[in-house]
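Spelled out, the chains give:
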Amino acid sequence: MIRKMTIDDYDNVYKLWTTIEGFAIRSLDDSREGIKRFLERNPNTSVVYEEEHEIIGAILCGHDGRQGCFYHVCVHNGHRNRGIGHEMVGAAVNALKEEGINKVNLVAFTQNAVGNTFWNELGWKFRSDLNNYDYTIREDQITVI
């Protein structure tokens, strides 16, 4: 079952994140306090997929009033290829639409073959016409799993 993510889901979502190979999390941004701040700013757009009281999928989703962004999209390895990711994407996109958002983006690591295949199959467009830049203020906060 898909439902809106709340801060009460944090421990189980974090546990899920730590099972995903190649996942990168930030000790501050992805801490309980960081996720609480994110969910307070975006209370209706992040989703989890729960089955038998276990969270097996999650999308951290928010927007800036103009466009949405997906972060940490994942489905537990043992539950993939069942349509869970597709359902969660649809739910998060619908939540963005309800808030008047008409565009959403995400970042997928180039070496994430499973993720890149997933997004291509869903019809998301790979953008080769722009460069993606970021600036890390706290480099010491990155943890790669």
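What counts as what
- Residues numbered from 1 in each chain as written.
- Predicted model: local features only at pLDDT ≥ 70, side-chain atom pairs only at ≥ 80, totals over all residues.
- Heavy atoms only, no water.
- Buried < 20%, exposed > 50% of the residue type's maximum accessible area, 1.4 Å probe, protein only.
- Helix = DSSP H or I, 4+ residues; strand = E, 2+ residues; numbered from the N terminus.
- Pairing = 2+ DSSP bridges.
- Axes fitted to C-alpha atoms, helices over the stretch in contact; angles between N-to-C directions.
- Contact = heavy atoms within 4.5 Å.
- Phe/Tyr/Trp six-rings, centres within 6.5 Å; stacked < 30°, edge-to-face > 60°.
- Arc of directions from axis to C-beta.

Student: In this structure, what is going on with the pairing of strand β5 (residues 68-75)? I would like to understand it.
Tutor: Looking down a regular strand, the side chains alternate between one sheet face and the other. Of all eight residues that make up β5, six are buried, and the element is covered over most of its length. Of the pairings in the sheet, the one linking strand β4 (residues 54-63) to β5 comprises six bridges and is antiparallel in character. By the bridge assignment, G57 is partnered in β5 with V75. The hairpin turn running from β4 into β5, its antiparallel successor, is four residues long, and G65 in that turn takes a positive phi close to 95 degrees. Bridge count for β5 against strand β6 (residues 104-106) is three bridges, and the pairing is parallel. Across the sheet, residue G68 finds its bridge partner in β6, namely V104.

Student: I'm lost on the sheet that holds β6 in this one. Help?
Tutor: To summarise the sheet geometry, strands pair through backbone hydrogen bonds and adopt either a parallel or an antiparallel arrangement. Taken together, five strands build an open sheet; the order of strands is β1-β3-β4-β5-β6 and the sheet is mixed. Sheet topology places β1 (2-4) and β6 at the edges, where each strand pairs with a single neighbour. Strand-to-strand, the axes of this sheet are offset by a mean angle of 30 degrees, without reference to chain direction. Together, β1, β3 (47-51), β4, β5 and β6 form the strand contacts of helix α3 (residues 84-98), whose direction differs from that of β4 by roughly 30 degrees.

Student: How do you make sense of the environment of R37 when you look at a structure like this?
Tutor: As for its position among the elements, R37 is in helix α2 (residues 32-41). Judged by its relative accessible area of 51%, R37 is exposed. C-alpha of R37 to C-alpha of I7: the two residues are 30 residues apart in sequence and 9.4 Å apart in space.

Student: Can you walk me through the packing of aromatic side chains in this structure?
Tutor: Aromatic ring pairs are defined here through the distance separating the ring centres and the angle between the ring planes. Counted under the stated rule, the structure contains seven aromatic pairs. On the numbers, 6.1 Å between centres and 50 degrees between planes, the contact of F70 with W119 is tilted. In this pair, F70 is assigned in strand β5 and W119 in helix α4 (residues 113-121), connecting sequence segments 49 residues apart. Each member of the pair, F70 together with W119, is buried. Ring pairs connect the aromatic residues F70, F118, W119 and W124, which therefore count as one cluster.

Student: Could you clarify how one ought to interpret the pairing of β4 in this entry?
Tutor: Counting buried positions along β4 gives nine out of ten residues, so the element sits mostly inside the fold. As defined by bridge partners, β3 adjoins β4 across five bridges and the pair is classed as antiparallel. By the bridge assignment for β4, Y49 is matched with G57. Connecting the antiparallel pair β3 and β4 is a turn made up of two residues, with E52 showing a positive phi of about 50 degrees.

Student: Please clarify how helix α1 (residues 10-17) should be interpreted in this entry.
Tutor: Since the α-helix turns once every 3.6 residues, residues separated by three or four places project in the same direction. Every buried residue of α1 is listed here: Y10, V13, L16 and W17. Projected down its long axis, α1 shows its buried positions confined to an angular sector of 125 degrees, all on one face. Exposed residues on α1 whose side chains face more than 90 degrees from its buried face are D11 and K15. Check the buried side of α1 and you find it contacts β2 (24-26), α2, β3, β4 and β5.

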